[in-house]
Amino acid sequence: MAAEKAEMDALKKECDGLRAQIEAARKAVNDGSMSASAGGVEAVGRVQLKLRKNLKGHLAKIYAMHWSADSRQMVSASQDGKLLIWDTFTGNKLTAVPLKSAWVMSVAFAPSGNLVASGGLDNICTVYNIKAASPKTLRELDAHTGYLSCSRFLSDSEIITASGDTTCCLWDLETGKQKVVFTNHIGDCMSLALSPDENSFISGACDSLAKLWDIRSGTCKQTFSGHTSDINAIAFFPSGNAIITGSDDCSCKMYDLRADQEVIGYQDTSLNAGVTSVALSNSGRLIFAGYDDFNCHIWDSLKGEKVGVLSGHDNRVSCTGVPADGMGVCTGSWDSFLKLWN
Amino acid sequence: MSSSSNIVAMKKIVQQLRLEAGVNRVKVSQAAADLQQFCLQHAQHDPLLTGMSSSNNPFRPQKVCSFL
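By the naming in an unreviewed UniProt entry, chain B is Guanine nucleotide-binding protein subunit gamma, taken from Gouania willdenowi. Quoted verbatim from the Function (unreviewed entry) field of the UniProt record, the comment on chain B reads "Guanine nucleotide-binding proteins (G proteins) are involved as a modulator or transducer in various transmembrane signaling systems. The beta and gamma chains are required for the GTPase activity, for replacement of GDP by GTP, and for G protein-effector interaction."

Identification of chain A as Guanine nucleotide-binding protein G(I)/G(S)/G(T) subunit beta-3-like from Gouania willdenowi is taken from an unreviewed UniProt entry. As recorded by UniProt, the Sequence similarities (unreviewed entry) comment attached to chain A reads in full: "Belongs to the WD repeat G protein beta family."

Listed below in structure tokens is the structure:
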């Protein structure tokens, strides 16, 4: 017993030492602030986007949306128990996918456009073939012991999921089995995003941490702290060298992966609502963040200033997305509508 | 939870921290400069920043036909 206690104490001491070492190393490279060095950059001015389309069709709160890689189709998920696939150019609904469980929290479009995935309080990630005559369930990925908060396809044969059971998982869609389980978070995983080179992904969780993972080895490479509440949303800066997080603490943050720390925060004393979703414009200059205050606020990512707002929803903005061609922003809300802006 | 499984869990935490401590860190000033440069280089190809003409806008409202 005494030997075990001694070993435990030694390990705790090593832990504390390593944490202090990491903090010191971060401090040592913290030689200037991002907003200060952006002083020489021209301001973007007021960003005023117009509402171009109001997509009506869902009968209950919208929880998630995801653009197709073609920048034209988009899939949305609502707790009315349906996925809707939209042609955003015309505003027409192309396909409706009825869900076994109405308690959906996440939806994803495969890069091929052939498959969509959804999941939620059923703990299952269900993958559908939407190119069949009528949408057909391809796989039910059933191994998480908590709700499915987010999923992203790598291809038609691999998908990564994030769960309230605190793990993320890489699945083989041909066998329906887990290939890699990513364990390290100590709170519900709420969101994930793939790196542009698809060798890694980032996750945000209720432990207020963001983590960078190597997809093939399953290792957590870096951990980013600073938020004081759940991280609900996470996205990669287009260069792949930085990440943006949105949290229930009402702020967004940018963490640089190479500096291994937060480089700028996006908060405003007048904003007292949690952040539900984040998306970036193609150059990375604009951050679109959906909030519980019914708005999507626009931030200048370099200067840390609020530069615009997308107003019009009558309830919480639950999801936000920019298509690959960067031609617009889509916001989805608990008011059951999706809006397209540019 | 038995004390030996506590030790196993603690060893994992230490191992993870060792991995994260070993990261090579770039100066924030360099990282910030690179992020800025990326934004500025790609600004011209960012339609939400530059705006677009209505003929190029895929989401523009449908034109209504009218009899003259």
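Next, the rest of the story.
Visitor: I keep staring at the overall build of chain A and nothing clicks. Help me out?
Guide: If you tally the helices and strands in chain A, you get two helices and 28 strands. The globule rule puts the C-alpha radius of gyration for 342 residues at 20 Å, and the 20 Å found for chain A is close to it. Over its C-alpha atoms, taken along the principal directions, chain A stretches across nearly 65 × 50 × 30 Å. Residues classed as buried in chain A amount to 59% of the 342 residues present. Intrachain contacts of chain A at a sequence separation of at least 6 include 44% that bridge at least 24 residues. In the form shown here, chain A has an accessible surface area of approximately 12900 Å², with 49% of it arising from carbon and sulfur atoms. Of the charged side chains in chain A, 32 are positive and 38 negative; the average position of the first set lies 5 Å away from that of the second.

Visitor: Hey, could you run me through the overall build of chain B in this one?
Guide: Within chain B, the secondary structure is distributed over three helices and zero strands. Mapped in sequence order, the helices and strands of chain B form the string α-α-α. Here chain B holds 68 residues, and the buried ones make up 34% of them. On chain B, roughly 4600 Å² of surface is accessible, and the fraction owed to carbon and sulfur atoms is 56%.

Visitor: Please explain the packing of aromatic side chains as it appears in this structure.
Guide: By convention here, two paired aromatic rings are described through the distance between centres and the angle between planes. Under the definition given, this model contains nine aromatic pairs over all chains. Relative to F59(B), the ring of F89(A) has its centre 5.9 Å away and its plane inclined at 75°; by these criteria the two rings are edge-to-face. On the criterion of chain membership, the pair formed by F89(A) in the loop between β4 (82-87) and β5 (92-98) and F59(B) in the segment after α3 (47-50) is interchain, its members lying in two chains. Of the residues examined, F89(A) reaches a relative accessible area of 24% and is grouped as partly exposed. Accessibility expressed as a relative area gives 1% for F59(B), which makes it buried.

Visitor: Can you walk me through the side chain of Q222(A) in this structure?
Guide: Of note, Q222(A) is situated in strand β17 (residues 220-224). Classification of Q222(A) by relative accessible area gives buried; the value is 8%. A polar contact of 3.0 Å, which involves the side chain of Q222(A), links it to the side chain of D260(A). Setting aside anything within four residues of it in sequence, one finds Q222(A) in contact with A210(A), K211(A), L212(A), L257(A), D260(A), E20(B) and V23(B).

Visitor: I keep staring at the interface of chain A and chain B and nothing clicks. Help me out?
Guide: Many structure descriptions define interface size as the accessible area lost when the parts assemble. In this complex, chain A contributes 65 residues to the contact, which on the side of chain B involves 44 residues. A combined buried area of about 4600 Å² lies between chain A and chain B, and 68% of that area is made up of carbon and sulfur atoms. Summed over the three residues of chain A that lose the most area to chain B, namely R258(A), S283(A) and M327(A), the buried surface amounts to 14% of that side. At the boundary of chain A with chain B, the tally comes to four salt bridges. A salt bridge links R258(A) to D34(B), with the nearest nitrogen and oxygen atoms 2.5 Å apart. Our count for the chain A to chain B interface comes out at 15 residue pairs in polar contact (both at pLDDT 80 or more). Residue assignment for the side of chain A that touches chain B shows that the elements contributing at least two residues are α1 (2-29), α2 (34-37), β1 (51-55), β17, β20 (252-256), β21 (261-266), β23 (286-291) and β28 (338-341) of chain A. If you tally residues by element for the side of chain A that touches chain B, the top one is α1(A), at 14 residues. Looking at the side of chain A that touches chain B residue by residue, the classes come out as 29 nonpolar, 20 polar and 16 charged.

Visitor: Is there a simple way to think about the UniProt feature "coiled-coil region" (unreviewed entry) in chain A in this case?
Guide: Mapped onto this numbering, the UniProt entry annotates "coiled-coil region" (unreviewed entry) at residues 1-28 of chain A. Across residues 1-28 of chain A one finds 96% helix and 0% strand; the C-alpha atoms that close the span lie 40 Å apart.

Visitor: What should I look at first to understand the nonpolar core in this one?
Guide: Generally speaking, soluble globular proteins have nonpolar side chains that are buried together. Membership of the largest hydrophobic core comes to 30 residues, with the highest contact counts inside it found for M34(A), F237(A), M254(A) and Y291(A). The element that contributes the greatest number of residues to this core is helix α2 (residues 28-42) of chain B, accounting for six residues. Setting aside residues up to four positions removed in sequence, F237(A) forms contacts with P196(A), A242(A), I243(A), M254(A), L280(A), S283(A), G284(A), S301(A), L35(B), F38(B) and C39(B). Counting residues in each nonpolar core, the second largest holds 16 residues, with C150(A), L154(A), V180(A) and I215(A) among its members.

Visitor: It is not clear to me how the sheet that holds strand β2 (residues 62-67) of chain A should be interpreted in this structure. Could you clarify?
Guide: Pairing between the strands of a sheet is mediated by backbone hydrogen bonds and can be parallel or antiparallel. Residue and element names in this part refer to chain A. Spatially, the four strands line up as an open sheet ordered β2-β3-β4-β5, and their pairing is antiparallel. Where the open sheet ends on each side, the last strands, each with one partner, are β2 and β5. Put simply, the sheet's adjacent strands are angled 20° from each other on average, direction ignored. Taken together, the six bridges between β4 and β5 define a ladder with antiparallel strand orientation. Across the sheet, residue K82 finds its bridge partner in β5, namely P98.

About the cut-offs
Residues numbered from 1 in each chain as written. Chains lettered and ligands numbered in written order. Predicted model: local features only at pLDDT ≥ 70, side-chain atom pairs only at ≥ 80, totals over all residues. Heavy atoms only, no water. UniProt positions renumbered as here; feature names shortened; annotations may be inferred. Helix = DSSP H or I, 4+ residues; strand = E, 2+ residues; numbered from the N terminus. Rg over C-alpha atoms; globule rule 2.2 N^0.38 Å. Buried < 20%, exposed > 50% of the residue type's maximum accessible area, 1.4 Å probe, protein only. Contact = heavy atoms within 4.5 Å. Areas by Shrake-Rupley, 256 points an atom, 1.4 Å probe, with all protein chains shown as cover. Lys, Arg positive; Asp, Glu negative; His and termini not counted. Charge placed at Lys NZ, Arg CZ, Asp CG, Glu CD. Phe/Tyr/Trp six-rings, centres within 6.5 Å; stacked < 30°, edge-to-face > 60°. Polar contact = N/O pair within 3.5 Å; in protein donor to acceptor, adjacent residues only side chain to side chain. Buried area = accessible area lost by both parts, 1.4 Å probe. Salt bridge = Lys/Arg side-chain N within 4 Å of Asp/Glu carboxyl O. Nonpolar A, V, L, I, M, F, W, Y, C, P; charged D, E, K, R; others polar. Core = buried A, V, L, I, M, F, W, Y, C linked by side-chain atoms within 4.5 Å. Pairing = 2+ DSSP bridges. Axes fitted to C-alpha atoms, helices over the stretch in contact; angles between N-to-C directions.

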